[in-house]
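Topology and contacts: notes
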Amino acid sequence: MKMIVRVFYVLLLMVLPSCSGGLQEFGIGSLPKNGFYSNLANEYKGLASYEEDFMAHEDDALHFTAKARKVLKRQDVPPDLPESRNIPDFAVEGLADAYSILMDALETLKIEQNEALLAMAQTRYDCWLAHQEDFPVEGAYLSCKTGFYDALALLNIPEADKVVHSIHFDSGAIALNKEAREAVGKIATRYRDRSHWGIVLKGYTDSKGDKHQNKILSMRRAVAVKNTLG
């Protein structure tokens, strides 16, 4: 009997829980939908005002104002690096992981529907980084962190990444044949460095043979694909 294991991609960030505050606090509904650069400039200007008016952080206000001006000139303005701040040891790994996720999102998910959300995610990350440096004096980093993950959780997956791959097995076989191994290898290569992406495996079989045995066979083949993906 022949069986297919189908591979679906899902972005694990899509299911992160949304905390209170976050997007509502930062006024997501008022963001203009006129391009990534315009959104990013507006977000940095808003962040600069927040730092000056509410946090009394003049240095950070000047820093984010400068970033807004660069964005308006269409200059490349990446998020701040974790090592640019004096971050407490307990927070370094989490911020580094979040930075990797953000950079991957900026590279792979920059489509029209995501422009405002990506701008928000980048500025909330910079805000989180700035205020994590002040721990435990200020708790503002929690709102920034929440806004960062809330924005990522609403991102849309581009159509090009909504892919289903069919992995075919030889009749009655559990091991992957050469063609199947090559197909799985390409999937593994593409997503090897994206720990925040997940792969959903679904096994199917035809109607021939014993249903119970077919179920066992489909599960063992799905496991074989999982093991090959590593």
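Note that the coordinates shown come from a computational prediction; the quantities given were computed from them, not determined experimentally. (Residues numbered from 1 in each chain as written. Predicted model: local features only at pLDDT ≥ 70, side-chain atom pairs only at ≥ 80, totals over all residues. Heavy atoms only, no water.)

Some words on the pattern of salt bridges
By the definition in use, this model includes 5 salt bridges. With its nearest N and O atoms 3.0 Å apart, the salt bridge here joins D60 to R85. Here D60 is found in helix α2 (residues 58–72), whereas its partner R85 is found in the loop between α2 and α3 (89–108), with 25 residues between them in sequence. By relative accessible area, which is 10% here, D60 ends up buried. Across the pair K67 and D126 runs a salt bridge, and its minimum N-O distance is 2.7 Å. Of this pair, K67 sits in helix α2 while D126 sits in helix α4 (residues 115–132), and the two are 59 residues apart along the sequence. The class for K67 is buried, based on a relative accessible area of 7%. The network of salt bridges with shared partners includes D60, R85 and E133. (Salt bridge = Lys/Arg side-chain N within 4 Å of Asp/Glu carboxyl O. Helix = DSSP H or I, 4+ residues; strand = E, 2+ residues; numbered from the N terminus. Buried < 20%, exposed > 50% of the residue type's maximum accessible area, 1.4 Å probe, protein only.)

Some words on the packing of aromatic side chains
Summed over the entire model, instances satisfying the criterion amount to 11 aromatic pairs. With centroids separated by 5.9 Å and ring planes inclined at 80 degrees, the aromatic side chains of F135 and Y141 adopt a geometry described as edge-to-face. We classify F135 as partly exposed; its relative accessible area is 35%. Given the relative accessible area of 11%, Y141 is considered buried. A centroid spacing of 4.9 Å and a plane angle of 70 degrees characterise the contact between F148 and Y149, whose relative ring orientation is edge-to-face. (Phe/Tyr/Trp six-rings, centres within 6.5 Å; stacked < 30°, edge-to-face > 60°.)

Looking at the confidence of the model for the protein
Low pLDDT means the predicted coordinates in that region are not meant to be read closely. For the protein, the average pLDDT comes to 81, and 80% of its residues sit at 70 or higher. The least confident element of the protein, judged by mean pLDDT, is strand β1 (residues 3–11) at 49; the most confident is α4 at 96. Contacts for the low-pLDDT stretch residues 9–33, under 50 throughout, to residues beyond four places or in other chains number 57 contacts. (pLDDT = per-residue confidence, 0-100. Contact = heavy atoms within 4.5 Å.)

Section: the packing of helix α6 (residues 178–191) against helix α7 (residues 211–229)
Close contact between α6 and α7 brings their axes to 9 Å; oriented N to C, the two are set at 50 degrees. The orientation of α6 relative to α7 falls into the category oblique. As for the relative orientation of α6 and α7, their crossing is right-handed in sense. Taken together, the residues of α7 that come into contact with α6 (itself represented by V184, I187 and A188) are V225, T228 and L229. Partitioned by chemical class, the residues of the contact of α6 with α7 number 5 nonpolar, 1 polar and no charged. (Axes fitted to C-alpha atoms, helices over the stretch in contact; angles between N-to-C directions. Parallel < 35°, antiparallel > 145°, perpendicular 65-115°, else oblique. Left-handed = near helix turned anticlockwise from the far one by under 90°. Nonpolar A, V, L, I, M, F, W, Y, C, P; charged D, E, K, R; others polar.)

Some words on the nonpolar core
Grouped together as the largest cluster of nonpolar side chains are 36 residues, with contacts concentrated most on Y44, L95, Y125, W128, F148, L152 and L155. Of all the elements in the fold, those that place two or more residues in this core are α1 (36–53), α2, α3, α4 and α5 (140–153). The element best represented in this core is α4, accounting for 10 residues. Residues contacting Y125, with those up to four places away along its chain left out, are P79, D80, P82, L95, A98, Y99, L102 and F148. One finds I167, V184, A224 and V225 within the second-largest nonpolar core, a separate group that totals 7 residues. (Core = buried A, V, L, I, M, F, W, Y, C linked by side-chain atoms within 4.5 Å.)

Quick look at the state of the cysteines
A covalent bond between the sulfur atoms of two cysteines is referred to as a disulfide. Considering all chains together, one arrives at 1 disulfide under this definition. The disulfide bridge from C127 ends at C144, spanning 1.9 Å between sulfur atoms. With a gap of 17 residues between them, C127 in helix α4 and C144 in helix α5 connect regions that are remote in the sequence. Of the two residues, C127 and C144, neither departs from the other in class, the shared state being buried. (Disulfide = S-S within 2.5 Å.)

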